[in-house]
Amino acid sequence: MTHLWVRAEQRNNEERVGITPAGAAEMIAAGIKVTVEHSSVRAIPIQSYIDAGCAIADENSWPNAPADAIIFGLKELPENGTPLHHKHILFGHAFKGQPAGQILLKRFKAGGGTLYDLEYLVDETGRRVAAFGYWAGYAGAAVALKCWAAQRRGDIAGAVKTYPSSAALLDDLRTELDGMDPPTAIVIGALGRVGSGAADLCASLGIDVTKWDIAQTASGGPFPQILDHDVFLNCILARPGTPVFVPASAKTAPRMLSVIGDIACDPDSDFSPIKVYDRTTSWAAPALRVHDEPILDVTAIDNLPSLLPVESSEDYAGQLLPSLLTLDDLLSGVWGRAFETFATATKDMSVS
């Protein structure tokens, strides 16, 4: 019997989950065993999974799960260097040359396990079957606006937190922006899921948005128009051929731009289109000040949808469920393609 083991998230500020109780019940009805770990932080309570018929395990007990269990989580595993023996489903951030990703792949190679990276679950056309994109864009735009509002107060943005709903987030932002003339914003990747979320958040607050996508960036740059906006929201994943949107020279260039929300958030990739910063930011310190005069802050939090953990989990889980229901066949479809990505990346990898 196929066995899906839903682990507790061990990363700070991560309350999301990739399967809802209703989805778990559907998998059980299809003959798949579902075990869910207790979690001290998960936004959806454990009782709902108990009611759905799931087996329940202790928090963070996945290393001792049965050898044939498929371990399912969203964010990173603890970076303790131990070999990984199981099949794992998670966002590995491992296939674009990221240093931490290479370490993760070596752990899989050493333990004989397999990484089915959620970012690389794609259909026959190469399109991802599930993504947190919309809520990443929505929350990322919100954090960028918090950074901009803090600047207007002569400050730098303070810690961010989770919200029970998008309505609560909007109420909070309206309070922060009260009495301020709204900024102008530009969204690159506006036709995608991430860009749509970012643009929708701005529109809900009456903020003027310039929407760019492939047609507007096909020239390869430079793009001085970006500097003529107060806020730039990057919603394009870094990949080979991605043009540079903000070069290092933008720090000292004449500009209106004072906040960059790098929602795609891949600063250590060789293909990053934002060249004024080199590390992610955190919930405790969401803004990285990369230049003082004129001010330029970058916000780049890599688990933005967790600001809205219930809505983002429900949306993502609904997209992913059809693929989870095919876990009994890991050799074809989305799982077969994900395995080939992993196998190619680790084929010649040494673990010494």
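Look up: the structure comes first, before these words.
Notes on the structure in this doc start here. Small disclaimer: the values here were computed from a predicted structure and weren't measured.

Re the pairing of strand β11 (residues 288-292)
Phase 1 of the analysis: Relative to strand β12 (residues 295-299), β11 runs antiparallel, the two being bridged by four bridges. In the sheet register, D292 faces β12, and the bridge partner there is I295.
Phase 2 of the analysis: Remark: two residues form the turn of the hairpin made by β11 and β12, two consecutive strands paired antiparallel.

Details of the packing of aromatic side chains
Phase 1 of the analysis: Considering all chains together, one arrives at 13 aromatic pairs under this definition.
Phase 2 of the analysis: Note on Y116 and W335: the rings are 5.9 Å apart at their centroids and 80° apart in plane angle, and the pair reads as edge-to-face. Of this pair, Y116 sits in strand β6 (residues 114-117) while W335 sits in helix α9 (residues 333-346), and the two are 219 residues apart along the sequence.
Phase 3 of the analysis: Owing to a relative accessible area of 0%, W335 belongs among the buried residues under this scheme.
Phase 4 of the analysis: Taken together, the ring pairs connect W212, F223, F232 and F245 into an aromatic cluster.
Phase 5 of the analysis: Residue placement shows R16 over the ring face of F132; its charged tip is 4.3 Å from the ring centre.

Considerations on the side chain of D117
Phase 1 of the analysis: For D117, the location among the structural elements is in strand β6.
Phase 2 of the analysis: Buried within the structure, D117 lacks any salt-bridge partner; R128 is the closest side chain of opposite charge, at an N-O distance of 7.0 Å.
Phase 3 of the analysis: At 2.9 Å, the side chain of D117 forms a polar contact with the backbone nitrogen of E119.
Phase 4 of the analysis: Beyond its immediate sequence surroundings of up to four residues, D117 is in contact with L90, F91, G92, H93, A94 and F95.

Topic: the packing of helix α3 (residues 99-111) against α9
Phase 1 of the analysis: For the pair α3 and α9, interaxial distance at closest approach is 10 Å and the crossing angle is 95°. Taken together, the axes of α3 and α9 are roughly perpendicular relative to one another. For the pair formed by α3 and α9, the contact residues are L105, F108 and K109 on the first element and F342, A345 and T346 on the second.
Phase 2 of the analysis: Broken down by class, the residue content of the contact of α3 with α9 amounts to four nonpolar, one polar and one charged.

Observations concerning the sheet that holds strand β8 (residues 208-212)
Phase 1 of the analysis: With respect to topology, six strands assemble into an open sheet ordered β8-β7-β9-β10-β12-β11, the strand pairing being mixed. Each edge of the open sheet is held by one strand with a lone partner, namely β8 and β11. Direction aside, the axes of adjacent strands within the sheet are offset by 15° on average.
Phase 2 of the analysis: The strands touched by helix α6 (residues 193-204) within the sheet are β7 (184-188), β8 and β9 (231-234), with β7 carrying the most contacts at an inclination of about 165°.

Remarks on the pattern of salt bridges
Phase 1 of the analysis: Per the counting criterion, the structure on display carries ten salt bridges.
Phase 2 of the analysis: In this structure, E176 engages K146 in a salt bridge whose closest nitrogen and oxygen atoms are separated by 2.4 Å. Residue E176 is found in helix α5 (residues 166-177), and its partner K146 is found in helix α4 (residues 133-152); the two are separated by 30 residues along the sequence.
Phase 3 of the analysis: We classify K146 as buried; its relative accessible area is 11%.
Phase 4 of the analysis: Connected via shared salt-bridge partners are K146, R153, D172 and E176.

Description of the packing of α4 against α6
Phase 1 of the analysis: At a minimum axis separation of 6 Å, α4 and α6 run at an interaxial angle of 45°. Regarding the angle of α4 to α6, the classification is oblique. Viewed along their axes, α4 and α6 form a crossing whose handedness is right-handed. Of the residues in α6, those touching α4 at G133, Y134, G137, Y138, A141, A142 and L145 are R193, V194, S196, G197, A198, D200, L201, C202 and S204.
Phase 2 of the analysis: Partitioning the contact of α4 with α6 into residue classes produces nine nonpolar, five polar and two charged.

Reading guide: rules and limits
- Residues numbered from 1 in each chain as written.
- Predicted model: local features only at pLDDT ≥ 70, side-chain atom pairs only at ≥ 80, totals over all residues.
- Heavy atoms only, no water.
- Pairing = 2+ DSSP bridges.
- Helix = DSSP H or I, 4+ residues; strand = E, 2+ residues; numbered from the N terminus.
- Phe/Tyr/Trp six-rings, centres within 6.5 Å; stacked < 30°, edge-to-face > 60°.
- Buried < 20%, exposed > 50% of the residue type's maximum accessible area, 1.4 Å probe, protein only.
- Lys NZ or Arg CZ within 6 Å of the ring centre and 35° of its normal.
- Lys, Arg positive; Asp, Glu negative; His and termini not counted.
- Salt bridge = Lys/Arg side-chain N within 4 Å of Asp/Glu carboxyl O.
- Polar contact = N/O pair within 3.5 Å; in protein donor to acceptor, adjacent residues only side chain to side chain.
- Contact = heavy atoms within 4.5 Å.
- Axes fitted to C-alpha atoms, helices over the stretch in contact; angles between N-to-C directions.
- Parallel < 35°, antiparallel > 145°, perpendicular 65-115°, else oblique.
- Nonpolar A, V, L, I, M, F, W, Y, C, P; charged D, E, K, R; others polar.
- Left-handed = near helix turned anticlockwise from the far one by under 90°.

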